[in-house]
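Examination of the molecular architecture
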Amino acid sequence: MGMGTDAEGERPVGSPAAGVVHSLSERRETLATVESLTGGLLAAAIVEIAGVSSVYQGGLVVYATEMKSRLAGVPEDLLAERGPVDPDVAVALAEGGRRRCGADWGLATTGVAGPEPQDGKPVGLVYVAVAGPSGSEVRRLDLDGSRERIRSAAVVEVLRLLAEQLTVDPRDADRDPAGTGRR
């Protein structure tokens, strides 16, 4: 992925989804998404990739706070105590999506896209999370720009976080189904 194209040498760096879809496909693993501020942009970026049907299970758009508990299974008391823009909520969203969609990996986005701050949280504060077979990882982003820019950046960053988790996940070590010698 670091070379700027995917395995076929066809895709520009502009699609961070291509690399993770390719990796998951090689590993025979699946993916689910739970989105708040990105409102389906992440799912759209993923399904643009050819061959994604073996990888992507589906996802949830949980824009209203109550949907985060009702659909994604985030504990109501956590939401009441912290509000939706919180690192633990992001992790709970990713884990909820992973569980409810029966996927190996769950991705989540939550944050404030603007133009107004929300619950005392500034515009551009975003948390992205990845839940996988060996645990969860969350990253805080402080983004600037328009709503559109903040939402696009959140998509890129959550895919980047997944790409990093895929390279450190120990299950890669002795898996080489194609016999290519690649690690």
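For the structure, check the block above.
Here the structure is a predicted model, which is why all the values come from computation and not from measurement. All residue numbers refer to position in the chain's written sequence, counted from 1. Under the rules for a predicted model, residues below a pLDDT of 70 receive no local features and side-chain atom pairs below 80 are neither given nor counted, while totals for whole chains, interfaces and linings still include all residues. Remark: hydrogens and water are excluded; side-chain values derive from all non-hydrogen atoms of the structure.

**Considerations on the side chain of Thr 109**
Heads up, the rule is: Numbering goes from the N terminus for both helices and strands, where a helix is a DSSP run of H or I of at least four residues and a strand is a run of E of at least two. Counted as a polar contact is a pair of N or O atoms within 3.5 Å, where, for protein atoms, one must be capable of donating a hydrogen and the other of accepting one, and residues adjacent in sequence contribute only when both atoms are in side chains. Note on contacts: a residue pair qualifies if any of its non-hydrogen atoms lie within 4.5 Å across the two residues.
Along the chain, Thr 109 turns up in strand β3 (residues 105-111). Here the side chain of Thr 109 touches Thr 38 through a polar contact of 2.6 Å, side chain to side chain. Apart from the residues lying within four places of it in its own chain, the contact partners of Thr 109 are Val 34, Glu 35, Ser 36, Leu 37, Thr 38, Leu 42, Leu 93, Tyr 127, Val 128, Ala 154 and Val 158.

**A word on unusual backbone geometry**
Rules: Each residue is assigned to one of three classes by its accessible area relative to the maximum for its type, calculated with a 1.4 Å probe on protein chains only: buried under 20%, partly exposed between the two thresholds, exposed over 50%.
The amide bond that connects Gly 114 to the next residue, Pro 115, takes the cis arrangement and shows omega of 5°. With respect to the helices, strands and loops of the structure, Pro 115 is situated in the loop between β3 and β4 (125-132). Of note, Arg 28 is a non-glycine position whose phi angle comes to about 55°, a positive value. The topology assignment puts Arg 28 in the loop between α1 (16-27) and β1 (31-35). Given the relative accessible area of 64%, Arg 28 is considered exposed. With a phi close to 50°, Asp 119 is a non-glycine residue in the positive phi region. Structurally, Asp 119 is set in the loop between β3 and β4.

**Details of the environment of Glu 157**
Along the chain, Glu 157 falls in helix α6 (residues 147-168). With 16 residues separating them in the primary sequence, Glu 157 and Leu 141 have C-alpha atoms 8.4 Å apart. Residues in contact with Glu 157, not counting those within four places in the same chain, are Val 128, Arg 139 and Leu 141. One polar contact links Glu 157 to Arg 160, side chain to side chain, over a distance of 2.9 Å.

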